[in-house]
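Overview (structure and organization)
These are the residues of each chain, in order.
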Amino acid sequence: MTVQEAIRVLRDEGLVISQQGRGVFVRDWQSKPEGGTPSDLEEVYEQLARIQVDLDNVQEKVRRIMEAS
C-alpha cells in the first residue's frame, strides 16, 4: 500500500509515467508530460538547473583547492 501511494503521488506530480503491463518509469525531467508541464514544475526544473551549475562550480573550486594543497 505504501509503495502504491508513493507511485500515485509521483504520477500526480508528473515525475513518473505508468505503462500498463510494463511498469512505472521516471520521466525525463527535460521533456514535458502530456498536456504540458505545470508552471510550478517548470520553476522547479529551472531551480534544479541553477543548483546544478552552482554545484559544478563548487566542485571545481574544491578540486582546485585540493590540487593546491
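Here the structure is a predicted model, which is why all the values come from computation and not from measurement.

Along its length, the protein carries 2 helices and 2 strands. Split into buried and exposed, the 69 residues of the protein put 9% on the buried side. Surface exposure of the protein reaches about 6000 Å², of which carbon and sulfur atoms provide 57%.

What follows is about the pairing of strand β2 (residues 23-26). Two elements, strand β1 (residues 16-19) and β2, share 4 bridges in a ladder whose sense is antiparallel. Among the inter-strand pairings, V16 is bridged to a residue of β2, identified as V26. Here β1 hands over to β2 after 3 residues, with G21 in that stretch at a positive phi of 80°.

Mapped onto the elements of the fold, E60 is located in helix α2 (residues 39-68). A polar atom in the side chain of E60 sits 2.3 Å from the side chain of R63.

On the surface, V44, L48 and I51 cluster together into a nonpolar patch covering about 260 Å² of accessible area. Among the structural elements, V44 can be located in helix α2. Residue classification places V44 among the partly exposed positions, given a relative accessible area of 37%.

Let's shift gears to the confidence of the model for the protein. Predicted confidence across the protein gives a mean pLDDT of 81, with 83% of residues reaching 70 or more. When pLDDT is averaged over each helix and strand of the protein, the minimum, 84, is found for β1 and the maximum, 88, for β2.

Another point: the pattern of salt bridges. Note that side chains of opposite charge can pair when their charged atoms are close. For the coordinates displayed, the defined rule picks out 5 salt bridges. Close ionic contact of D12 with R8 constitutes a salt bridge, the shortest N to O distance being 2.5 Å. Taken as a pair, D12 and R8 lie in helix α1 (residues 2-12) at a separation of 4 residues, close to a single helical turn. Its relative accessible area of 36% is what places R8 among the partly exposed residues. R64 serves as the salt-bridge partner of E60, at 3.4 Å between the closest nitrogen and oxygen.

Conventions used here
Throughout, a residue's number is its position along its own chain's written sequence, starting from 1. Residues qualify for local features only when their pLDDT is at least 70, as the model is predicted, and side-chain atom pairs are given and counted only at 80 or more; totals for whole chains, interfaces and linings, by contrast, use all residues. The basis for every side-chain value is the complete set of non-hydrogen atoms in the structure, without hydrogens or water. Secondary structure follows DSSP: runs of H or I at least 4 residues long count as helices, runs of E at least 2 residues long count as strands, and numbering of each begins at the N terminus. When a residue's accessible area, from a 1.4 Å probe over protein chains only, is under 20% of the maximum for its type it is buried; when over 50% it is exposed; and in between it is partly exposed. Using the Shrake-Rupley algorithm and a 1.4 Å probe, accessible areas are obtained, with residue cover drawn only from the displayed protein chains. For two strands to pair, DSSP has to find at least two bridges joining them. Identification of polar contacts relies on pairs of N or O atoms within 3.5 Å, with a donor-acceptor requirement for protein atoms, meaning one able to donate a hydrogen and the other able to accept it, and with residues adjacent in sequence counted only if both atoms are side-chain atoms. A patch consists of residues exposed above 30% relative accessible area that lack any salt bridge, with like charges linked at up to 9 Å and nonpolar side chains (Val, Leu, Ile, Met, Phe, Trp, Tyr) linked at up to 5 Å. Definition used for salt bridges: Asp or Glu carboxyl oxygen within 4 Å of a side-chain nitrogen of Lys or Arg. A residue's pLDDT is the confidence the predictor assigns to it, expressed on a 0 to 100 scale.

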